Amino acid sequence: MPQIVLKFHDKILKVVELDKPLVTIGRKAKNDLVIDNLVVSSYHAQVVQEQGMFFIEDRGSTNGTFLNDRKIERLQLKNGDEIKIGKHVVVFQDFTGSAEPSAPPSFAEPRPEASDQIRTAFDETEITLGQAAAAPGIDSSAQVSGKEGSLLVVSGQTDKNQYSLVDQISIIGSQKGATVKLTKWLSPKVAALITHQDGVYTISVADAKNKLLINGLPVQGRADLNDGDLVEVAGVKMYFYLTRPSS
């Protein structure tokens, strides 16, 4: 389903699916996407769906609507376009193929120094973050240089709606100590692992029965994560995004 993602300073604030012909954006609460800022007009802009295509339209706003830094009145959207409204950014995402596609997620070969640890984690009935991080070749205190990864839950049953991926290995599952705790009945103890090393985040599926999708595409085994990827595993949909580490 195509959608728009509201961001402020690289932080995802809200995701709105474009499941109807007209989605409005503005400061008033009656809008589908509300941006509570005085520089935003009451009814600022709208996304219109026409014959499978999507268009952004300005609604006579005071401060204008900008598409990829260009002031517009009406223009067709393609996947990855950034709509600037005041200091907020609204990203248009369409992984259905109806709009121009962005580059597909990159699929990485297993890193030799991490593969043994991931295999061990999947073979254990119960693992803890401390046990995983203590394996040879894994430094639990390591941090990705530049930006840190986070997950924003958009659907599914979890104990929180947002997670920071600060550990070297982050577990997605129902077991005690999981980073992303799945709370639905009969959820797998370990559905997937997210590792980061040398500035790269990688997700690995634990069992073939736990279907893993990235941007709607099935993943076999393992894949690198890119900023803005939509991850689906064990009935939970989450956005992966990168933010600047807090000082």
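Residues numbered from 1 in each chain as written. Predicted model: local features only at pLDDT ≥ 70, side-chain atom pairs only at ≥ 80, totals over all residues. Heavy atoms only, no water.

Caption draft 1: Expanded view of the overall build of the protein. Of the regular secondary structure elements, the protein holds 2 helices and 22 strands. Within the protein, the fraction of its 247 residues that count as buried is 47%. Contacts spanning at least 24 positions in sequence make up 44% of the contacts within the protein whose residues lie at least 6 apart. Of the accessible surface of the protein, which amounts to about 12,600 Å², a share of 49% is contributed by carbon and sulfur atoms. (Helix = DSSP H or I, 4+ residues; strand = E, 2+ residues; numbered from the N terminus. Buried < 20%, exposed > 50% of the residue type's maximum accessible area, 1.4 Å probe, protein only. Contact = heavy atoms within 4.5 Å. Areas by Shrake-Rupley, 256 points an atom, 1.4 Å probe, with all protein chains shown as cover.)

Caption draft 2: How the structure looks around the environment of Tyr239. Of note, Tyr239 is situated in strand β22 (residues 236-243). For Tyr239, a relative accessible area of 1% puts it in the buried group. Separated by 224 residues in the primary sequence, Tyr239 and Val15 place their C-alpha atoms 9.4 Å from one another. Non-local contacts of Tyr239, meaning those with residues more than four positions away in its chain, are made with Gln3, Val5, Ile12, Val15, Gln93, Ser150, Leu151, Leu152, Val154, Gly228, Asp229 and Leu230.

Caption draft 3: Fine view of the sheet that holds strand β7 (residues 65-67). Taken in spatial order, the 6 strands line up as β2-β1-β11-β10-β7-β8 in an open sheet, and their pairing is antiparallel. Looking along the sheet, the strands with just one partner apiece sit at the ends: β2 (11-17) and β8 (70-72). Averaged over all pairs of adjacent strands, the angle between strand axes in this sheet comes to 30°, irrespective of strand direction. Relative to β8, β7 is paired through 3 bridges, and the arrangement is antiparallel. Opposite Phe66, over in β8, you have Lys71 as the bridge partner. (Pairing = 2+ DSSP bridges. Axes fitted to C-alpha atoms, helices over the stretch in contact; angles between N-to-C directions.)

Caption draft 4: Local environment of the nonpolar core. In this structure, Leu151, Ile172, Ile194, Ile203, Leu225 and Met238 are the most contacted members of the largest nonpolar core, which totals 23 residues. Put simply, the parts of the chain that give this core at least two residues each are β12 (148-155), β13 (162-165), β16 (192-197), β17 (200-205), β18 (212-214), β21 (230-233) and β22. Residues within four places of Ile172 in sequence aside, it is in contact with Val180, Leu182, Lys189, Val190, Ala191, Ala192, Ile194, Ile203, Val233 and Met238. In terms of nonpolar packing, the next biggest core, distinct from the first, is built from 20 residues, Leu6, Ile25, Val47 and Ile85 among them. (Core = buried A, V, L, I, M, F, W, Y, C linked by side-chain atoms within 4.5 Å.)

Caption draft 5: Spatial organisation of the sheet that holds β22. In space, the 6 strands of this open sheet follow the order β13-β12-β22-β21-β18-β19, with antiparallel pairing throughout. Among the strands making up the open sheet, the edge pair consists of β13 and β19 (217-218). Where β18 and β21 come together, 3 bridges link them in antiparallel fashion. Across the sheet, Leu213 pairs through a bridge with Glu232, a residue of β21.

Caption draft 6: View of the pattern of salt bridges. Going through the model one piece at a time under the given rule, you end up with 5 salt bridges. Of the charged contacts, one joins Lys20 and Asp32 as a salt bridge, the two residues approaching to 2.6 Å between their closest N and O atoms. With a gap of 12 residues between them, Lys20 in the loop between β2 and β3 (22-26) and Asp32 in the loop between β3 and β4 (33-34) connect regions that are remote in the sequence. Residue Asp81 is joined to Lys78 by a salt bridge in which the shortest nitrogen-to-oxygen separation is 3.2 Å. (Salt bridge = Lys/Arg side-chain N within 4 Å of Asp/Glu carboxyl O.)

Caption draft 7: Spotlight on the pairing of β17. Across the 6 residues of β17, 5 count as buried, placing the element largely inside the fold. Here β16 hands over to β17 after 2 residues, with Asp198 in that stretch at a positive phi of 55°. By the bridge criterion, 3 bridges tie β17 to strand β20 (residues 222-224) in an arrangement that is antiparallel. Its bridge partner lying in β20, Thr202 is registered against Asp224.

Caption draft 8: The arrangement of the environment of His196 in detail. By the secondary structure assignment, His196 is in strand β16. Classification of His196 as buried rests on a relative accessible area of 3%. In the structure, His196 is positioned 31 residues away from Leu165 in sequence and 8.7 Å away in space, judged by C-alpha atoms. In terms of polar contacts, His196 uses its side chain to reach the backbone carbonyl oxygen of Asp167, at 3.2 Å. (Polar contact = N/O pair within 3.5 Å; in protein donor to acceptor, adjacent residues only side chain to side chain.)

Caption draft 9: Main features of the packing of aromatic side chains. Per the counting criterion, the structure on display carries 2 aromatic pairs. Seen in terms of ring centroids, Tyr201 and Phe240 are 5.3 Å apart; in terms of plane orientation they differ by 55°. Their pairing is tilted. Residue Tyr201 is found in strand β17, and its partner Phe240 is found in strand β22; the two are separated by 39 residues along the sequence. For the pair Tyr201 and Phe240, one class covers both residues: buried. Note that Arg74 overlies the ring of Phe55, its terminal NZ or CZ placed 4.2 Å from the centroid. (Phe/Tyr/Trp six-rings, centres within 6.5 Å; stacked < 30°, edge-to-face > 60°. Lys NZ or Arg CZ within 6 Å of the ring centre and 35° of its normal.)

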